[in-house]
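Okay, here's what each chain looks like letter by letter:
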Amino acid sequence: MRRISSVILTSGGLLLGLGNSAEASPFHRAVVQERAQSLAATPYREPEPLPEIWRQLNYDQYRAIRPVSEKALWRNADSPFRIELFHPGYLFQRPVKFHLIGADGEETPLPFEPDRFDYEDLVLEEKPDPGQLRGYAGFRILHPLHGQPENFDEIGSFLGASYFRLLGEDQRYGLSARGLALNVAHPNQPEEFPDFVEYWLVEPEPDAESLEFFALLDSPSVAGAYRFEVFPGERTRARVDATLFFREAVDSVGIAPLTSMFWYGENSAERDFSDWRPEVHDSDGLLLRTWNDEVVWRPLFNHHAIRHSHYVAPDVKGFGLLQRDREFHHYEDLSNPYHQTPSAWIEPVGKWGRGAVRLVELPTDNEGIDNIVSFFEPEEKPKAGDSYEVSYDLSFVLKDEVELSVDRVEATRVGVDWSFPDTRRCAIDFNGPGLRELAADAPVFAEITSSPNGFIDENQCFKNVMTGGWRVEFKMDTDDHNHIPVELRCFLKRSDNNQTLTETWSYQWSP
């Protein structure tokens with residue numbers, strides 16, 4: 001066995017007693033680990049296809065199938081949580097098995113039951129037979145989030161491949177998390193989307209403050225055992241413990257992946273399309289905290305080509321995709337309240353060892369496509385027969401996200417210089433309590449660096465009298481024949497004592 005900090009890499013042999021959080025139920029995580037290891041030791045099997053009538057459902061037809069709230073799991077128990085199941089069909093064509101774990105740790109299969117759904121509004125030429133279905137598509141979690149015990153709010157859903165989302169107080173769905181990402185935007189291998197194929201739901205005690213459940217993941221290259229414990233609240237958090245068993249070698253493994261949408265924002269002045277809204281995005285930047293507590297902010301951008309960013313981050317302390325802009329008037333969208341979509345923040349449990357936080361930005365021409373992916377990629381690539389173990393906390397944040405980085409970048413704006421079309425003018429607004437306390441004549445300057453193919457001119461740093469923060473303005477030029485992205489970095493310092501005052505702004509300008 002070789003140990004890479006808290007990420008364990010082994011060749012063969014069952015990993016026992018793993019995980020950094022204590023077992024909360026008599027149902028042991030090792031049961032799912034044994035299933036995952038056995039699964040990985042056999043060739044991958046494609047799932048049985050759904051009957052055609054369910055595969056051919058369109059969006060409106062699928063939405064017409066509604067869960068019957070009276071059939072929610074634990075509805076008639078004195079439970080702070082309820083579960084509603086999703087019907088298979090439309091995009092969700094892999095039947096998923098479910099089991100219930102009672103207080104005594106006993107496992108009971110949960111078969112597909114048509115009476116959990118209302119089909120009255122489903123209009124099809126041929127009447128379908130739900131009795132032929134052998135599983136569900138996923139589930140949603142309900143909990144009284146706003147202090148009213150009789151009102152159960154949706155706080156999360158697990159639906160489609162290994163995708164899932166959580167919600168805290170006053171949040172609206174935006175970005176998603178995934179169990180695992182494999183070969184994202186890889187030049188030589190197609191991306192692989194593992195599936196959660198089986199769930200074990202642990203019935204909570206009447207006074208439970210969290211919900212525990214287990215999941216089995218499967219794909220052509222890997223099988224995995226997952227334990228989730230969800231803690232609802234103003235900031236809904238999940239502890240995730242995962243053990244991965246590799247059938248095949250994989251070039252790129254994405255741990256704790258996040259997926260979001262960025263169409264355009266305040267830094268998109270050069271966009272070549274028209275839309276009536278000022279900005280459209282579920283997230284506007286990547287935040288990263290390194291092993292030595294440097295905090296890096298990378299604004300997102302929608303370019304015409306795929307963009308890859310690689311932040312070497314051994315023993316990374318945290319990273320996430322954030323939605324920092326909370327002003328409704330910056331979006332003006334009543335149907336899609338982008339100002340209320342949560343930020344997602346990952347904190348490793350223990351040390352993850354050598355690796356990098358990666359950001360992949362895919363081009364999109366509409367808001368219906370999640371085009372942003374971020375994850376931690378271990379430096380050492382797994383081989384067939386290897387195993388990884390990893391644990392982390394995942395928080396969905398809205399109200400207190402400023403705590404993740406206090407004196408921070410508030411806005412990034414980039415535009416063409418009117419007198420030199422090849423030159424870009426950049427304006428960065430920094431803000432925070434420490435910056436607002438500084439007088440306008442404080443000895444503050446902006447330290448700006450560029451990759452060798454970029455040239456910085458007219459560096460100005462001054463108090464922003466409208467916000468109380470500080471603004472940096474500069475020009476960036478590059479060679480007329482340059483086709484390589486320019487990497488830029490900027491942060492504020494005091495000239496009298498060399499003190500760093502802010503997080504680091506990191507930006508990629510692409511020709």
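All of the points below concern the structure found in this document.

Thresholds applied
- Residues numbered from 1 in each chain as written.
- Predicted model: local features only at pLDDT ≥ 70, side-chain atom pairs only at ≥ 80, totals over all residues.
- Heavy atoms only, no water.
- Buried < 20%, exposed > 50% of the residue type's maximum accessible area, 1.4 Å probe, protein only.
- Helix = DSSP H or I, 4+ residues; strand = E, 2+ residues; numbered from the N terminus.
- Pairing = 2+ DSSP bridges.
- Axes fitted to C-alpha atoms, helices over the stretch in contact; angles between N-to-C directions.
- Contact = heavy atoms within 4.5 Å.
- Core = buried A, V, L, I, M, F, W, Y, C linked by side-chain atoms within 4.5 Å.

## So, the pairing of strand E24 (residues 343-348)
Note on strand geometry: in a regular strand, side chains alternate between the two faces of the sheet.
Then, in step 1: In terms of burial, E24 is largely enclosed, as five of its six residues are buried.
Then, in step 2: Alignment of strand E23 (residues 318-322) against E24, held across three bridges, turns out to be antiparallel. Residue pairing for E24: glycine 320 is matched across the bridge by tryptophan 345.
Then, in step 3: Direction of pairing for E24 relative to strand E27 (residues 386-397): antiparallel, over a ladder of six bridges. Counted as the bridge partner of serine 343 is valine 397 from E27.

## Some thoughts on the sheet that holds strand E28 (residues 408-416)
Then, in step 1: Spatially, the four strands line up as an open sheet ordered E28-E29-E32-E31, and their pairing is antiparallel. Both edges of this open sheet fall to E28 and strand E31 (454-463), since each of them pairs with a single strand only. Taking the axes of each pair of neighbouring strands and ignoring which way they run, one obtains an average angle of 15° across the sheet.
Then, in step 2: Bridging between strand E29 (residues 424-431) and strand E32 (residues 470-478) involves seven bridges; their strand directions are antiparallel. Across the sheet, residue alanine 427 finds its bridge partner in E32, namely glutamate 473.

## So, unusual backbone geometry
Then, in step 1: Positioned with a positive phi, alanine 161 is a non-glycine residue whose angle comes to about 50°.
Then, in step 2: Relative to the helices and strands, alanine 161 resides in the loop between strand E9 (153-159) and strand E10 (163-166).
Then, in step 3: Look at alanine 161 and you get partly exposed, because its relative accessible area is 23%.
Then, in step 4: Even without being a glycine, aspartate 293 presents a positive backbone phi close to 70°.

## Topic: the environment of alanine 40
Then, in step 1: Position of alanine 40 among the secondary structure elements: in helix H1 (residues 29-40).
Then, in step 2: Spatially, the C-alpha atom of alanine 40 lies 9.1 Å from that of serine 219, the residues being 179 residues apart in sequence.
Then, in step 3: Setting aside residues no more than four positions away along its own chain, alanine 40 makes contact with Ala223, Phe245 and Arg247.

## A few points about the environment of leucine 362
Then, in step 1: Mapping leucine 362 onto the fold places it in the loop between strand E25 (355-361) and strand E26 (372-378).
Then, in step 2: A relative accessible area of 26% places leucine 362 in the partly exposed class.
Then, in step 3: Separated by 57 residues in the primary sequence, leucine 362 and alanine 305 have C-alpha atoms spaced 6.8 Å apart.
Then, in step 4: Setting aside chain neighbours within four positions, we find leucine 362 in contact with Ala185, Asn302, Ile306 and Asn371.

## Digging into the nonpolar core
Then, in step 1: Phe139, Ile141, Tyr199, Phe213, Tyr226 and Trp352 are the most contacted members of the largest nonpolar core, which totals 77 residues.
Then, in step 2: Among the nonpolar cores identified, the runner-up in size contains 30 residues, and Trp345, Ile428, Phe430 and Ile448 belong to it.

## Things to note about the pairing of strand E8 (residues 138-143)
Then, in step 1: The element E8 is largely enclosed, with a buried count of six among its six residues.
Then, in step 2: Alternating residues of E8 divide into Gly138, Arg140 and Leu142 and Phe139, Ile141 and His143, and every residue in both groups is buried.
Then, in step 3: When strand E4 (residues 82-86) meets E8, the two strands line up antiparallel, connected through five bridges. The partner of arginine 82 across the bridge, within E8, is leucine 142.

Any functional reading would require information beyond the geometric quantities listed.
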